[in-house]
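# Understanding the architecture of this molecule
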Amino acid sequence: MQTVTGSLIGMYHICKRELWLHANHIRMEHNSELVAEGKQLHEHAYPQRAERYREIILDGSKIDFYDPYDKVVHEMKKSDKMEHSHVAQVQFYLYLLRKNGVEGATGLLEYPKLRQTQTVQLTNDDVPVVEGWIRDIKRIVDREQCPGRIAKSKCRSCSYFDFCYVEEINE
Ligand code: SF4
């Protein structure tokens with residue numbers, strides 16, 4: 001049974017093909033400069049983070065930075081654009097916390113490049129929505145066929161770009 005993680009939730013909101021490839025262990029992250037950049041950002045942008053925040057694992061899914069004192073999930077994004085997939089990922093973490101008995105937690109998306117933050121909530125109405133994402137992800141991942149590509153204009157920063165457009169690259 002596929003463990004649904006925050007990363008899969010994010011991919012689900014961007015590209016079902018990426019979700020399927022990643023969940024089926026076809027990995028190309030080493031090709032992506034953006035992934036490396038994101039790791040660097042996590043390590044250097046806020047060196048004091050480790051002192052206050054905890055890494056926790058709930059239902060097999062890891063939350064990197066949780067502040068247990070204020071009950072806040074912190075999620076840092078390297079992106080220079082705020083996206084719904086980021087909010088969805090944090091809502092999923094809040095859902096996991098709630099499911100495991102932590103009521104009233106909130107999320108904070110941090111965008112160092114933009115110097116902006118965004119608060120994320122999980123309302124009662126959001127809970128069945130998140131559960132729908134989880135069901136849908138499991139259904140997609142179990143398919144034998146890899147879903148089709150999305151519009152190429154949205155693919156430029158994806159680590160699977162070479163994989164998805166190999167025939168064009170070889171032309
Ligand atoms: S390159 Fe585009 S179509 Fe292929 S997995 Fe990435 S986002 Fe999806």
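This text follows the structure it describes.
Here goes a summary of the coordinates provided. All of these numbers come straight from a predicted model, not from anything done at the bench. (Residues numbered from 1 in each chain as written. Predicted model: local features only at pLDDT ≥ 70, side-chain atom pairs only at ≥ 80, totals over all residues. Heavy atoms only, no water.)

Right, let's talk about the site of the ligand for a bit. Around the ligand, the structure places C15, R17, E18, R149, I150, C155, C158, Y160, F161 and C164. Broken down by secondary-structure element, the contributors of at least two residues to the shell around the ligand are α2 (16–23) and α7 (161–164). Here the shell around the ligand is composed, by residue class, of 7 nonpolar, no polar and 3 charged. (Near = heavy atom within 4 Å. Helix = DSSP H or I, 4+ residues; strand = E, 2+ residues; numbered from the N terminus. Nonpolar A, V, L, I, M, F, W, Y, C, P; charged D, E, K, R; others polar.)

A few words now on the sheet that holds strand β4 (residues 106–111). Spatially, β1-β2-β3-β4-β5 is the arrangement adopted by the 5 strands of the open sheet, whose pairing is mixed. The open sheet terminates on both sides in strands that have one partner only, identified here as β1 (54–58) and β5 (116–120). Each strand of the sheet is rotated relative to its neighbour by a mean of 35°, with strand direction disregarded. Pairing between strand β3 (residues 72–76) and β4: 5 bridges, direction parallel. Residue M76 lies in a different strand from β4, and its bridge partner there is E110. (Pairing = 2+ DSSP bridges. Axes fitted to C-alpha atoms, helices over the stretch in contact; angles between N-to-C directions.)

Centre distance and the angle of the planes are the two values used to describe a pair of aromatic rings. Across all of its chains, the model carries 4 aromatic pairs by this definition. On the numbers, 6.2 Å between centres and 70° between planes, the contact of Y53 with F65 is edge-to-face. Taken together, the residues Y53 in the loop between α4 (49–52) and β1 and F65 in strand β2 (residues 61–67) connect sequence positions 12 residues apart. Each member of the pair, Y53 as well as F65, is classed as buried. Here F92 and Y93 contribute two aromatic rings whose centre-to-centre distance is 6.1 Å and whose plane-to-plane angle is 45°, an arrangement assigned as tilted. Comparing F92 with Y93, the two get one shared label, buried. Stacked on the ring of Y12, the Lys or Arg K16 has its end atom at 4.3 Å from the ring centre. (Phe/Tyr/Trp six-rings, centres within 6.5 Å; stacked < 30°, edge-to-face > 60°. Buried < 20%, exposed > 50% of the residue type's maximum accessible area, 1.4 Å probe, protein only. Lys NZ or Arg CZ within 6 Å of the ring centre and 35° of its normal.)

We now examine the nonpolar core. Residues L19, F92, L94 and L97 are the most contacted members of the largest nonpolar core, which totals 40 residues. Elements that contribute at least two residues to this core include exactly α1 (6–12), α2, β2, α5 (84–99), β4, α6 (126–142) and α7. At 9 residues, the largest contribution of residues to this core is made by α5. Beyond its immediate chain neighbours, meaning those up to four positions away, L94 contacts V73, A105, T106, G107, V120, Q121 and L122. (Core = buried A, V, L, I, M, F, W, Y, C linked by side-chain atoms within 4.5 Å. Contact = heavy atoms within 4.5 Å.)

Another aspect to go through is unusual backbone geometry. Non-glycine residue H25 carries a positive phi angle of around 65°. Mapped onto the secondary structure, H25 falls in the loop between α2 and α3 (33–44). By relative accessible area, H25 is classed as exposed at 63%. Look at D59: it is not a glycine, yet its phi comes out positive at around 50°. Tracing the backbone through its elements, the reader meets D59 in the loop between β1 and β2.

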